[in-house]
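What follows is the residue order along each chain.
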Amino acid sequence: MSAANRKDASWKERLDGRMPEHLAREIDVFEGQIELKKQKKLDDKLFAETRLRRGAYGQRYDNGLRDDGTGQKPLAFPRGELTKGPDTVWDAPGMQRIKIPFGKLSAEQLEVLSDLAEEYSDAILHVTTRQDIQLHFIHIEDTPDMHRRLASVGITTREACGNSVRNVTACQFAGVCSTESFDVAPYAHATTEYFLGHPDVQDFGRKFKIAFSGCADEPCGLVTFHDLGAVALTQEIDGKIERGFRVVVGGGLGAVPVEAKVLREFCPAEELLPLSQAVARVFARLGEKNSRARARIKFLIQKLGIDEFKRLVDEERANLRPDERWNALLSDLSVTDEDPVRPAGDLPESSSPAFNAWAKTNLRPQSQAGYYVATVTLPLGDFTPKQGRALADLARTYTGDAMRLTVEQNIAFRWISGADAPAFFDKLAALGLAEPGASTITDVTACPGTDTCKLGIASSRGLAGELRKHLTVVQDQLDPAVRNLRIKASGCFNSCSQHHVADLGFLGVSRNVGGRKVPHFNVVLGGQWSENAKSYGTVVTAIPSKNVPKVVDAIAQKYAQEKHEDESFQQFFQRIGKSEIRKLLQPFSKPPSYEEDKSFYSDWGDPREYTIGDLGIGECAGEIVPFVEFGLQAAEQELHGAQDALDSGDSGAAAKAGLGAMVTAAKALVRYLDVQVRDDADDVVAQFRTHLHDTKLFHDPFAKGKFAQYLLITAANKTLDQADTEIARRTLDEAQLFLEAAHACYQRMEQQRASGGDSPSSPAGQPETP
């Protein structure tokens, strides 16, 4: 019986050959890093950023403390002294973020995600505003097997968190929208593939978010608040219609919302990847590394000015080494196409009142006649494993692998035949997922807030749930214009719910009243969701959390009664002004005394007296660890794996892995010199020879170029996979010495930089390879 078929087989054995080789290797390395950390052989900051780049995030109370309302109390964990990052207890539950590029999800992937949620978490799958899936209450030691099971169905968690390119997002209607210039999904896919693990995006000071939009007027990709955004356009050039993008840079929400600036009014589609690479290289080189609060690219552009930033990007683009993947990844634009599994059909003329109410808000015609996009509304973005498996079955029956997670925390099923829509609705109703109101005032978006986030100040999910319940009861009485308003609630200023672009946004704050703390929310009004989130809202005042439902009622009533015909809420708010709204909300701004009503001094869904004592150190920004240190540590881990292969008798695999460790270390040093280098071993060795061996930068003061020769000679051996035990052992000994020399080289170059000497890339006048 093969290892994969044994009942006691590990997931690594069971999935052998079913995972992409590079993902399997990365997961093995991460598992080895976990073991090293358990042995206290890895630095806290290095391991924290390592796990963050695998999507393994911290969670509230992971510092081992919880405030019970009277003060912080310790939480007992089995290995209390072992940590997985600064002030982060090893056994404390964490969160696993799972990247779903542009939200595209297959039935098989959804089933695996549901299994993982059931087996490893609190049995809840949470859809985020970046089209990710998050699982909470995860143990760090379970993550490698989770990653293997995800990799077996084509999902990676790599760079889901940390200072990296995060999940690339796009409109859930891409490819089936009647107003789009063209389908942006294959371009989002290409961008995801190109930047995943790319050397040029490994040394950022902060995260980098990319979004795609198929048209300018709809909310679509919400590119305005992204680090890099691309809006599809077409132009007639020499009598031929050419595809391209309006590219913007430097947008962002957070505490300081900034609207993205135009980088290119029209970027030809074939220039998208090299232009994006040039932007990434400028950001990696010049972006802030010391102050995380000012390390996003928006601050770099503010510092330089958009004109100077454009000049630098143009200069960088001109010096980029040609990369065949620029064109190869866009050579097949059908890679994201979907084939309907049911014939097109018209909606029935007569249906139940419940279906009609749902269809009014949750069913949208596609550009393809007879097909619709059905949005499954997920309260608070949550669904259970049982529901997830049932949804996967519905996809197989009605749509095929055509699901998209949405930025409003729902799931869109594309290619629903109109004739099948009532039956599809009935199946949703049986699952408890047939709520109407998608993208309306009852479809409230919320971040995790104080439920699980270390930065949460007030319960955004608790508030969102209360608003949803309240507004669902009264929705039939609401003015039609009010029903289409959007509400978004964030637990702190970081705007994870995107409250700045909501009609009615709320962000959690704390206020002292009579010597006690009271949860409040800042009211942010007038954000614009349309035109790719064209403008941001304004803070009007702070309101006690328990009064927010009354505030929503008051604002909705005033808008319904006083708006001009066809006047949007943004226009209404701009016309009457903040002072008028403040007067309206003034009666709700002060809580009763503690003696009058103690409920105001607790947060939604939390019986404790309110406190901010549970606030922890957030990991949104990641740890600033130089890429070269990641590379050298990964090389050491690869060498450990090579030794394991030798111990098991596989000499050929051991020798190849030993060479791989040297290549990984060499690539880290080459990247440190800001030299453009590809991932393939031949290019790494060539660049190492040019920039580190020929320049003598790598040479030991006493052994000279001896250690460099270990890499160069071993790389030239084309029969390494046939190595016997003696050759394999020698290769590993040489690899160990090469790694020691690589560490020493890095230290010398760092000392040279710290002393203010010349750049270590220029001692012999070697230019960068064009």
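Residues numbered from 1 in each chain as written. Predicted model: local features only at pLDDT ≥ 70, side-chain atom pairs only at ≥ 80, totals over all residues. Heavy atoms only, no water.

1. Side note on the overall build of the protein
Each helix and strand in the protein was counted, giving 23 helices and 24 strands. In terms of overall dimensions, the protein is globule-like: its C-alpha atoms have a radius of gyration of 27 Å, near the 27 Å expected for 770 residues. Taken along its principal axes, the extent of the C-alpha atoms in the protein is 85 × 70 × 65 Å. Looking at the protein residue by residue over its 770 residues, the buried ones come to 58%. Restricting to contacts in the protein with at least 6 residues of sequence separation, those with at least 24 account for 71%. (Helix = DSSP H or I, 4+ residues; strand = E, 2+ residues; numbered from the N terminus. Rg over C-alpha atoms; globule rule 2.2 N^0.38 Å. Buried < 20%, exposed > 50% of the residue type's maximum accessible area, 1.4 Å probe, protein only. Contact = heavy atoms within 4.5 Å.)

2. Looking at the domain arrangement of the protein
Here the protein is partitioned into domain 1 (3-151), domain 2 (169-328), domain 3 (353-430), domain 4 (445-601) and domain 5 (627-754). Its C-alpha centre places domain 3 at a distance of 29 Å from the equivalent point of domain 4. Each partner contributes residues to the interface: domain 3 has nine residues there, and domain 4 has eleven residues. Carbon and sulfur atoms make up 41% of the surface buried where domain 3 meets domain 4, a total of about 770 Å² over both sides. The largest share of the area that domain 3 buries against domain 4 comes from Leu380, Glu408 and Gln409, three residues that together contribute 64% of it. Linking domain 3 with domain 4 are three salt bridges. Between Arg486 and Glu408 there is a salt bridge; the shortest N-O distance is 2.7 Å. Between the two partners, domain 3 and domain 4, sit four residue pairs in polar contact (both at pLDDT 80 or more). Within the side of domain 3 that touches domain 4, the residues separate by chemical class into four nonpolar, two polar and three charged. (Domains from an automatic or database assignment. Buried area = accessible area lost by both parts, 1.4 Å probe. Salt bridge = Lys/Arg side-chain N within 4 Å of Asp/Glu carboxyl O. Polar contact = N/O pair within 3.5 Å; in protein donor to acceptor, adjacent residues only side chain to side chain. Nonpolar A, V, L, I, M, F, W, Y, C, P; charged D, E, K, R; others polar.)

3. Considerations on the packing of helix H19 (residues 627-647) against helix H20 (residues 651-672)
Two elements in contact, H19 and H20, have axes separated by 8 Å at closest approach and are oriented at 175°. For the element pair H19 / H20, the angle class is roughly antiparallel. Here the contact of H19 with H20 is composed, by residue class, of 17 nonpolar, five polar and two charged. (Axes fitted to C-alpha atoms, helices over the stretch in contact; angles between N-to-C directions. Parallel < 35°, antiparallel > 145°, perpendicular 65-115°, else oblique.)

4. Overview of the sheet that holds strand E6 (residues 94-98)
Across the sheet, which stays open at both edges, the five strands sit in the order E1-E6-E9-E8-E17 with antiparallel pairing between neighbours. The strands lining the two open edges of the sheet, one partner per strand, are strand E1 (56-57) and strand E17 (382-383). The sheet contact formed by E1 and E6 spans two bridges and is antiparallel. Bridge assignment links Tyr57 to a residue of E6, and that residue is Met95. (Pairing = 2+ DSSP bridges.)

5. Some details on the pairing of E6
Judged by how many residues are buried, E6 sits mostly within the fold: five of five residues are covered. The alternating pattern of E6 places Gly94, Gln96 and Ile98 and Met95 and Arg97 on opposite faces, both of which are buried. Relative to strand E9 (residues 133-138), E6 runs antiparallel, the two sharing five bridges. When the bridges of E9 are listed, Ile98 appears paired with Ile133.

6. Considerations on the nonpolar core
With 46 residues, the main nonpolar core has Leu669, Phe688, Leu692, Phe698, Leu711 and Phe738 as its most contacted residues. Where this core is concerned, the elements lending two or more residues are H19, H20, helix H21 (681-693), helix H22 (706-715) and helix H23 (725-754). When residues of this core are assigned to their parent elements, the largest contribution, twelve residues, is made by H20. What Leu669 contacts, discounting residues up to four positions off in sequence, is Val628, Leu692, Phe698, Ala742, Cys745, Tyr746 and Met749. In this structure, Ala185, Leu272, Leu273 and Trp326 belong to the second largest nonpolar core, which totals 45 residues. (Core = buried A, V, L, I, M, F, W, Y, C linked by side-chain atoms within 4.5 Å.)

7. Some remarks on helix H18 (residues 569-585)
The end-to-end C-alpha separation of H18 is 17 Å, well short of the 24 Å expected for 17 residues at 1.5 Å each. The largest bend in H18 amounts to roughly 90° and is located at Gly577. What H18 keeps buried is the set Phe569, Gln570, Phe572, Phe573, Ile576, Gly577, Ile581 and Leu585. Here the buried face of H18 lies against strand E22 (504-513), strand E23 (516-525), strand E24 (538-544) and helix H17 (548-562). (Expected span 1.5 Å × (residues − 1). Bend = angle between axes of the 7 residues up to and from the residue.)

8. Re the packing of helix H7 (residues 272-286) against helix H8 (residues 297-304)
Remark: H7 packs on H8, axes separated minimally by 10 Å, with the N-to-C direction vectors making an angle of 80°. Compared by their axis directions, H7 and H8 come out roughly perpendicular. Contacts between H7 and H8 involve Val279, Val282, Phe283 and Leu286 on the former and, on the latter, Ile297, Leu300 and Leu304. Class assignment of the residues belonging to the contact of H7 with H8 gives a composition of seven nonpolar, no polar and no charged.

9. Some words on H7
With 15 residues, H7 extends 21 Å from end C-alpha to end C-alpha; this agrees with the ideal 21 Å at 1.5 Å per step. With respect to burial, H7 is a largely interior element, 13 of its 15 residues being buried.

10. Thoughts on the sheet that holds strand E11 (residues 210-213)
In space, the five strands of this open sheet follow the order E10-E11-E12-E13-E14, with mixed pairing throughout. Two strands close off the open sheet at either side, each with one partner strand: strand E10 (169-170) and strand E14 (261-268). Bridge count between strand E12 (residues 228-237) and strand E13 (residues 240-249): ten bridges; the pairing is antiparallel. Within E13, the residue paired with Leu228 across the bridge is Val249. Across the sheet, helix H6 (residues 185-195) is in contact with E10, E11 and E13; its angle to E11 comes to roughly 165°. Packing of H7 onto the sheet brings it into contact with E11, E12, E13 and E14, and relative to E14 it is tilted by some 150°.

11. Details of the environment of Ser648
Within the element layout of this structure, Ser648 appears in the loop between H19 and H20. Counting along the chain gives 201 residues from Ser648 to Cys447, while the straight-line C-alpha distance between them is 48 Å.

12. Notes on the pattern of salt bridges
Using the criterion set out here, one finds 54 salt bridges in the structure. In this structure, Glu26 and Arg158 form a salt bridge, with 2.4 Å as the shortest nitrogen-oxygen distance. Of the two residues, Glu26 is situated in helix H2 (residues 21-38) and Arg158 in the loop between helix H5 (143-151) and E10; the sequence distance between them amounts to 132 residues. Of the residues examined, Glu26 reaches a relative accessible area of 17% and is grouped as buried. One salt bridge connects Asp28 with Arg148, and the closest N-O pair in it is separated by 2.9 Å. A residue pair is termed long-range when its members are at least 10 positions apart, and Asp28 in helix H2 and Arg148 in helix H5 qualify at 120 residues. A relative accessible area of 1% means that Arg148 is categorised as buried.

13. Here we look at the pairing of E23
With respect to burial, E23 is a largely interior element, eight of its ten residues being buried. Of the pairings in the sheet, the one linking E22 to E23 comprises ten bridges and is antiparallel in character. When the bridges of E23 are listed, Leu507 appears paired with Asn522. Taken together, E22 and the strand that follows it, E23, pair antiparallel across an intervening segment of two residues, in which Gly514 is found at a positive phi of about 60°. Strand direction decides the pairing type here: E23 and E24, joined by six bridges, are antiparallel. Pairing of Leu525 across the sheet is with Thr538, part of E24.

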